[in-house]
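The residues making up each chain are set out below.
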Amino acid sequence: MLQDPMDFEWSYWIEWGRERILWLLAGHLLVSQMSRLLVEKYKPWCLMVYGMAACWLLLGIKGFAVILLHAAISFAVAQFQLSLLTWLCSLILLSTLRIPAVEETKRKWYDTENEYYLLLFTVSVRCLFCTSFSLEYCWHAPAQKSSHSFLWMLAYVFYYPTFHNGPLMNFDEFSKQMRRQEAFSVKTNLSIFIVGIIRIFFWWCLAELMIHLMYIHALYSSALPLESASYWALGGLALAQVLFFYVKYLVLYGVPGLLLQMDGLKPPALPCCVSLMHSFTKMWRSFDVGLHRFLVRYIYVPMGGSQSSLLGTLLSTALTFAFVSYWHGGQSYLWYWGTLNWLGVIVENGTKRIFSISLIQDLI
């Protein structure tokens with residue numbers, strides 16, 4: 001049976017997974033379990049070395065050098081302990097991914113476009129990891145700097161399960177959990193692994209059924225069927241698309257999430273079903289939990305958040321969505337998407353404030 005080929009993200013990661021990434025993740029699992037069993041104390045460094053080797057193997061020496069250079073520059077700038085300077089450095093590094101001359105140079109490193117895109121996606125995600133580490137470095141006292149060494153940054157940046165596509169885990173959470181030494185139980189880990197594999201296989205089968213039977217993305221790529229469809233049909237197509245997006249990320253985040261559990265870490269919660277959501281705020285809090293924690297900790301709260309004035313709240317929320325739009329690529333449609341989400345969150349929070357007034361509550 002023919003499948004719908006129009007969802008680039010699903011086709012792309014499934015192809016890479018079958019070719020190499022799943023094998024490299026299996027190698028990570030083997031190294032992780034052996035280090036937990038034999039040398040628990042050195043587990044972060046074993047996983048760091050494996051992650052660097054996997055990066056070198058998949059992205060080549062030049063791709064590896066780019067990620068290492070980003071980490072080194074971020075660490076050097078963090079030494080000034082100025083959050084604003086750290087953010088400026090992160091945005092400049094992120095902007096280099098969109099310079100045509102740099103893009104063209106990187107494309108020449110690889111034989112196929114897919115290999116270049118893998119570097120692009122990986123570096124984009126690594127930028128967030130470098131930013132998280134650097135800001136935590138700026139905020140911690142000198143006595144805690146030993147736990148924020150360059151070696152720890154490399155262990156965090158090159159941690160392989162989250163390497164190419166996330167999910168995002170802030171450095172303070174990663175470091176705290178990675179340092180914690182727990183009793184290792186082969187039986188417990190095996191049961192976690194078996195249950196996790198069954199769940200991921202079910203989600204993958206469901207996503208493949210949707211790709212082979214529903215043709216949601218193919219319908220969206222042509223104006224003719226959309227123009228002839230009723231409003232009910234268009235609504236159904238929109239719902240089907242977001243449901244597929246949800247199932248897709250159960251797989252894409254479920255695989256690294258399972259490996260995080262096997263490593264003794266607590267992964268960010270998997271996306272909440274979109275059918276259970278009725279607000280923009282809940283969508284942002286519970287779909288990509290790792291990204292939400294990053295945005296709240298490093299942008300929203302430092303800018304004042306809900307504790308500031310109305311204007312301060314509007315500004316901190318706007319900056320949060322502006323960064324999300326820019327990080328995703330900065331194309332015009334992403335700015336529209338970010339603006340609409342910002343307006344949705346503002347309207348919801350404004351309505352909550354109005355309904356919290358005692359006079360309004362009495363009227364209700």
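Residues numbered from 1 in each chain as written. Predicted model: local features only at pLDDT ≥ 70, side-chain atom pairs only at ≥ 80, totals over all residues. Heavy atoms only, no water.

An unreviewed UniProt entry annotates the protein as HHAT palmitoyltransferase of Hippolais icterina. Per UniProt, the comment on the protein under Sequence similarities (unreviewed entry) is "Belongs to the membrane-bound acyltransferase family. HHAT subfamily." Quoted straight from UniProt, the Subcellular location (unreviewed entry) entry for the protein says "Endoplasmic reticulum membrane". (UniProt positions renumbered as here; feature names shortened; annotations may be inferred.)

A.B. asks: Would you mind going over the domain arrangement of the protein with me for this structure?
C.D. replies: Quite often, the size of an interface is put as the accessible area lost when its parts meet. For the protein, the assigned domains read domain 1 (8–180) and domain 2 (269–363). On a C-alpha basis, the centroid separation for the pair domain 1 and domain 2 is 27 Å. Domain 1 puts 18 residues into the contact, and the matching count from domain 2 is 14 residues. In total, about 1,400 Å² of surface goes out of reach between domain 1 and domain 2, with carbon and sulfur atoms giving 64% of it. Considering only the side of domain 1, the residues that lose the most area to domain 2 are Trp87, Arg98 and Leu128, jointly responsible for 35% of the buried surface there. Linking domain 1 with domain 2 are 3 salt bridges. One salt bridge in this structure joins Glu136 and Arg297, with 2.6 Å as the shortest N-O distance. (Domains from an automatic or database assignment. Contact = heavy atoms within 4.5 Å. Buried area = accessible area lost by both parts, 1.4 Å probe. Salt bridge = Lys/Arg side-chain N within 4 Å of Asp/Glu carboxyl O.)

A.B. asks: Looking at this structure, how should I read a nonpolar patch on the surface?
C.D. replies: A grouping of Leu30, Met34, Leu37, Leu38, Val39, Tyr42 and Val186 is seen on the molecular surface, where their side chains present a nonpolar patch of about 700 Å² in accessible area. With 4 residues, helix H1 (residues 8–38) is the largest single contributor of residues to the nonpolar patch. For Leu38, the position within the fold is in helix H1. (Patch = residues over 30% accessible without salt bridge, like charges linked within 9 Å, V, L, I, M, F, W, Y side chains within 5 Å. Areas by Shrake-Rupley, 256 points an atom, 1.4 Å probe, with all protein chains shown as cover. Helix = DSSP H or I, 4+ residues; strand = E, 2+ residues; numbered from the N terminus.)

A.B. asks: What is the right way to read the pattern of salt bridges from this model?
C.D. replies: Opposite charge on two side chains allows them to pair when their charged atoms are near. Throughout the structure, instances matching the rule amount to 7 salt bridges. A salt bridge links Glu9 to Lys248; the shortest N-O distance between them is 2.9 Å. Placement of Glu9 in helix H1 and of Lys248 in helix H11 (residues 231–262) is noted, with a sequence separation of 239 residues between them. Exposure remark for Glu9: the relative accessible area of 21% places this residue in the partly exposed category. Salt bridges linked by common partners bring Asp7, Glu9 and Lys248 together as one network. (Buried < 20%, exposed > 50% of the residue type's maximum accessible area, 1.4 Å probe, protein only.)

A.B. asks: Looking at this structure, how should I read the environment of Gly350?
C.D. replies: The topology assignment puts Gly350 in helix H15 (residues 332–355). Distance in space between the C-alpha atoms of Gly350 and Leu310 is 9.4 Å, their sequence separation being 40 residues.

A.B. asks: Just checking my understanding: could you explain the UniProt feature "transmembrane region" (unreviewed entry) in the protein for this structure?
C.D. replies: What UniProt calls "transmembrane region" (unreviewed entry) maps, in this numbering, to residues 20–39, 46–69, 75–95, 116–135, 150–169, 190–211, 231–252 and 310–328. Strand forms 0% of residues 46–69 and helix 100%; the C-alpha atoms that close the span are 21 Å apart. For residues 310–328, the end-to-end C-alpha separation is 27 Å, with 95% helix and 0% strand making up the annotated structure.

A.B. asks: Help me understand the nonpolar core in this model?
C.D. replies: The nonpolar side chains of a soluble globular protein tend to be buried with one another. In terms of nonpolar packing, the biggest core is built from 90 residues, with Phe158, Phe174 and Phe323 touching the most fellow members. Here this core gathers at least three residues from each of two domains, domain 1 (8–180) and domain 2 (269–363). Not counting residues within four places of it along the chain, the set of residues in contact with Phe174 comprises Trp152, Ala155, Tyr156, Tyr159, Met169 and Leu265. (Core = buried A, V, L, I, M, F, W, Y, C linked by side-chain atoms within 4.5 Å.)

A.B. asks: Would you mind showing me how to read the state of the cysteines here?
C.D. replies: In protein chemistry, a disulfide is the covalent bond that joins the sulfur atoms of two cysteines. The full count for this structure, using the stated rule, is 0 disulfides. Free of any disulfide, Cys89 has its nearest cysteine sulfur in Cys130, 8.6 Å distant. Among the residues examined, Cys89 registers a relative accessible area of 11% and is labelled buried. With no disulfide of its own, Cys138 has Cys89 as its nearest cysteine by sulfur position, at a separation of 10 Å. (Disulfide = S-S within 2.5 Å.)

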